[in-house]
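A structural walkthrough
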Amino acid sequence: MTSAGRFAPSPSGELHVGNLRTAILAWLFARSGGRRFLLRVEDLDRARAGAEAEQLRDLAAIGVSWDGGVVRQTEREHLYDGAIAELTAAGLTYECFCTRREIQEAPSAPHAPLGAYPGTCRNLSGAEREAKRAARPPAVRLRSTVAEATVWDVLHGSYTGVVDDFVLRRNDGVTAYNLAVVVDDAAQGIDQVVRGDDLLPSTPRQAYLASLLNMPVPEYAHVPLVLNADGARLAKRDGAVTLADLALAGVGADQVRDTLLDSLGLPPGRLGDVLAAFDPAALPREPWVWPGVPGAHKGAHPGTGLRAGTDSRGA
Ligand code: GLU
């Protein structure tokens with residue numbers, strides 16, 4: 001299978017400029033390495049009707065193109081079932097009946113890292129499990145044999161993080177992101193994962209899970225996020241941050257693309273024409289603060305923002 005990169009949005013709403021900047025980076029990383037670029041809609045959870053179409057439209061508008069059809073996680077449950085069955089057959093899963101509250105209130109296991117599942121249900125007897133099943137459907141957790149794992153990231157270097165008995169399938173039957181992402185990346189031949197660096201802490205769990213399933217661990221590049229003026233992660237409430245809202249404020253998709261490229265130290269233009277200038281080693285390592293559009297919703301920064309209807313670089 002030829003190597004591939006991907007963008008894997010959750011269709012919970014419109015993409016904002018932070019998501020679009022990550023998508024541009026994923027595209028540039030993949031294409032500059034001669035990879036295919038795939039689009040996977042992560043719709044197992046938090047899907048909103050109509051959001052997928054909006055996201056695909058906006059990606060196309062800024063020039064992020066993808067190969068082949070769009071893959072949706074809700075159409076791939078058989079793959080996740082197969083992976084969980086394989087882990088279960090190897091004794092690497094267990095049923096967990098804990099509520100969120102019970103986990104929060106449980107005393108953490110000695111030496112367990114902060115936030116790790118305390119292992120409450122790890123060693124239940126058959127009779128205990130039977131009794132608990134009557135009260136509550138179980139989640140499925142990984143029976144991890146390590147406490148941490150180390151991954152290598154193009155931008156962060158060596159990164160070590162927690163691997164606990166994380167959830168593979170929730171107790172409402174929904175496959176957990178950490179399992180689906182590993183299974184899909186392997187099944188789709190994805191050997192390079194470029195995404196926001198808020199996901200770096202989950203990556204050791206995913207790499208460990210891939211190794212248990214005899215799947216290759218992809219190359220990772222976790223890219224800095226876009227922040228609002230207060231230094232918090234950019235969100236929809238930060239004003240005109242989607243292509244639709246920016247268009248209403250007089251800022252077109254090409255101008256947004258060029259502004260995002262500029263924030264990456266890259267020249268303006270179509271993504272294919274920018275490829276020659278793309279150098280991962282030269283990418284900014286710090287988050288970027290969205291300048292906003294003067295007069296367009298709250299969060300705008302008079303004087304410093306994008307100007308409606310002008311070339312963002314020349315203005
Ligand atoms: N669907 C995830 C998100 O939108 C991204 C998952 C990934 O890139 O691994 O945050």
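Scroll up a little and you will see the structure.
Residues numbered from 1 in each chain as written. Predicted model: local features only at pLDDT ≥ 70, side-chain atom pairs only at ≥ 80, totals over all residues. Heavy atoms only, no water.

A short note on the overall build of the chain
Selection criterion: Secondary structure elements are defined from DSSP: runs of H or I of at least 4 residues count as helices, runs of E of at least 2 residues count as strands, and each element is numbered from the N terminus. For the radius of gyration, the atoms used are the C-alpha atoms, and the globule rule reads 2.2 Å times the number of residues raised to 0.38. Burial status follows relative accessibility: with a 1.4 Å probe on protein chains alone, a residue under 20% of its type maximum counts as buried, one over 50% as exposed, and anything between as partly exposed. Residue contacts are counted whenever heavy atoms from the two residues lie within 4.5 Å of one another. For accessible areas, the Shrake-Rupley method is used with a probe of radius 1.4 Å. Any residue's cover is judged against the shown protein chains and nothing else. Asp and Glu are treated as the negative residues and Lys and Arg as the positive ones, with His and the ends of the chain left uncounted. Note on charges: their place is set at NZ of Lys, CZ of Arg, CG of Asp or CD of Glu.
When you go through the chain residue by residue, the secondary structure sums to 10 helices and 12 strands. The globule rule puts the C-alpha radius of gyration for 315 residues at 20 Å, and the 21 Å found for the chain is close to it. Viewed in the frame of its principal axes, the chain has a C-alpha envelope of about 70 × 45 × 35 Å. By residue count, 48% of the 315 residues in the chain fall in the buried class. Nonlocal contacts in the chain, meaning residues at least 24 apart in sequence, comprise 75% of its contacts between residues at least 6 apart. Carbon together with sulfur atoms contributes 52% to the accessible area of the chain, which is approximately 14400 Å² in total. Taking the 33 positively charged and 38 negatively charged side chains of the chain as two groups, their mean positions are separated by 2 Å.

Focus on the site of the ligand
We apply this condition: We define proximity as follows: a residue is near a molecule or strand when any one of its heavy atoms falls within 4 Å of that partner. Polar contact criterion, stated in full: a pair of N or O atoms within 3.5 Å, where within protein one must be able to donate a hydrogen and the other to accept it, and residues adjacent in sequence count only if both atoms are side-chain atoms. Each residue receives one of three labels: charged for Asp, Glu, Lys and Arg, nonpolar for Ala, Val, Leu, Ile, Met, Phe, Trp, Tyr, Cys and Pro, and polar for the others, Gly being one of them.
Taken together, Arg6, Ala8, Pro9, Ser10, Glu42, Tyr177, Val181, Arg195 and Leu199 form the complete shell of residues around the ligand. Within the side chain of Arg6, one N or O atom sits 2.6 Å away from an oxygen atom of the ligand. Surface burial for the ligand is 77%, taken as the share of its 300 Å² of free accessible area covered by protein chains. When its residues are assigned to classes, the shell around the ligand shows 5 nonpolar, 1 polar and 3 charged.

Examining the packing of aromatic side chains
Worth spelling out the cut-off: Only Phe, Tyr and Trp rings take part, Trp by its six-membered ring, and two of them pair if their centres are within 6.5 Å. Stacked means planes under 30 degrees apart, edge-to-face means over 60, and tilted covers everything else. Placement of a positive charge over a ring is assigned whenever Lys NZ or Arg CZ falls within 6 Å of the ring centre and within 35 degrees of the normal to the ring plane.
One pass over the structure, following the stated rule, counts 2 aromatic pairs. On the numbers, 5.9 Å between centres and 75° between planes, the contact of Trp288 with Trp290 is edge-to-face. Accessibility assignment for this pair places Trp288 and Trp290 in one class, buried. The ring of Tyr117 carries Arg141 above its face, with NZ or CZ at 3.5 Å from the centroid.

What about the environment of Thr242?
By the element assignment, Thr242 lies in the loop between strand S11 (226-227) and helix H8 (243-248). The exposure class assigned to Thr242 is buried, which follows from its relative accessible area of 3%. Separated by 198 residues in the primary sequence, Thr242 and Leu44 place their C-alpha atoms 23 Å from one another. Contact partners of Thr242, with chain neighbours within four places excluded, come to Glu14, Leu15, His16 and Lys236. Reaching out from Thr242, the side chain makes a polar contact with the backbone nitrogen of Asp245 at a distance of 3.2 Å.

Regarding the sheet that holds strand S2 (residues 36-41)
Rule in force here: Strand pairing follows a simple DSSP-based rule, namely that at least 2 bridges must link the two strands.
An order of S1-S2-S3 is seen for the 3 strands of this open sheet, with the pairing classed as parallel. Here the strands that pair on one side only, and so sit at the sheet edges, are strand S1 (4-7) and strand S3 (71-72). In terms of strand pairing, S1 meets S2 through 4 bridges, oriented parallel. Bridge pairing in S2 links Phe7 to Leu39.

A short note on the nonpolar core
Going by this rule: As used here, the term nonpolar core means buried Ala, Val, Leu, Ile, Met, Phe, Trp, Tyr and Cys residues forming a set that is joined through side-chain atoms within 4.5 Å.
Residues Val17, Ile24, Leu28, Leu59, Val64, Leu246 and Trp290 are the most contacted members of the largest nonpolar core, which totals 45 residues. At the level of secondary structure, the elements contributing two or more residues to this core comprise helix H1 (17-32), S2, helix H2 (51-61), strand S10 (219-223), H8, helix H9 (253-263) and helix H10 (271-274). One finds Leu87, Leu142, Val183 and Ala210 within the second-largest nonpolar core, a separate group that totals 22 residues.

Some words on unusual backbone geometry
Of note, Arg46 is a non-glycine position whose phi angle comes to about 60°, a positive value. With respect to the helices, strands and loops of the structure, Arg46 is situated in the loop between S2 and H2. A relative accessible area of 56% places Arg46 in the exposed class. Although it is not a glycine, Asn214 adopts a positive phi angle of roughly 55°. With respect to the element layout, Asn214 can be found in the loop between helix H7 (203-212) and S10. What makes Asn214 exposed here is its relative accessible area of 69%.

Thoughts on the environment of Arg307
Within the secondary structure layout, Arg307 lies in the segment after strand S12 (288-289). In the structure, Arg307 is positioned 87 residues away from Tyr220 in sequence and 35 Å away in space, judged by C-alpha atoms.

Quick word on the packing of helix H3 (residues 77-89) against helix H6 (residues 177-187)
Let me state the cut-off plainly: For helices, the fitted axis covers only the stretch in contact; all axes are lines through C-alpha atoms, and the angles between them, taken along N-to-C directions, range from 0 to 180 degrees. Here roughly perpendicular refers to angles of 65 to 115 degrees, roughly parallel to angles under 35, roughly antiparallel to angles over 145, and oblique to all remaining angles.
Remark: H3 packs on H6, axes separated minimally by 10 Å, with the N-to-C direction vectors making an angle of 105°. By the angle class used here, H3 and H6 are roughly perpendicular. From H3, Leu79, Tyr80, Ala83, Ile84 and Leu87 reach across to H6, where they touch Leu179, Ala180, Val183, Asp184 and Ala187. Residues that form the contact of H3 with H6 fall into these classes: 9 nonpolar, no polar and 1 charged.

The quantities given are spatial measurements derived from coordinates; they are silent on function.
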